[in-house]
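So the chains spell out like this:
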Amino acid sequence: MKEVFRTNDVVKLSYIEHLLQEAGIEYFIADQHISAVEGNIGAFPRRVMVPEELLPAAEAALAEVERG
C-alpha cells in the first residue's frame, strides 16, 4: 500500500473517501482510530493508502483536492 493523501481534516477525508469510492478504487485509512489515543486534538493526520498498482488512478481521482 502507498500513501496517496494525508490530512487532519475529517471533512476533507470524507470527501476523499467519496471520490475514491466513486472511482472504484480500493483504499485504507491508516491512523483513523488514533483520535482515541490523542484525545481528539487532531495532531495526527490520517493517511489514505491505496494498492501500489492503483496509485496513478487514485492520484488522478484526487488531483483537484487541495493538500493539507
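Definitions and cut-offs
- Residues numbered from 1 in each chain as written.
- Predicted model: local features only at pLDDT ≥ 70, side-chain atom pairs only at ≥ 80, totals over all residues.
- Heavy atoms only, no water.
- Buried < 20%, exposed > 50% of the residue type's maximum accessible area, 1.4 Å probe, protein only.
- Helix = DSSP H or I, 4+ residues; strand = E, 2+ residues; numbered from the N terminus.
- Pairing = 2+ DSSP bridges.
- Expected span 1.5 Å × (residues − 1).
- Contact = heavy atoms within 4.5 Å.

Caption draft 1: Inspection of the pairing of strand β3 (residues 46-50) at higher detail. Buried residues dominate β3, accounting for four of its five residues. In this sheet, β3 lies alongside strand β1 (residues 2-7) in antiparallel orientation, the contact comprising five bridges. Among the inter-strand pairings, Lys 2 is bridged to a residue of β3, identified as Val 50. In this sheet, β3 lies alongside strand β2 (residues 28-30) in antiparallel orientation, the contact comprising three bridges. Residue pairing across strands places Ile 29 opposite Val 48, the latter belonging to β3.

Caption draft 2: Focus on helix α1 (residues 10-22). With 13 residues, α1 ought to run about 18 Å at 1.5 Å a step, and its terminal C-alpha atoms sit 18 Å apart, in line with that. Taken together, the buried residues of α1 touch β1, β2, β3 and α3 (55-61). One or two steps after α1, the chain reaches Gly 24, where phi turns positive at roughly 70°.

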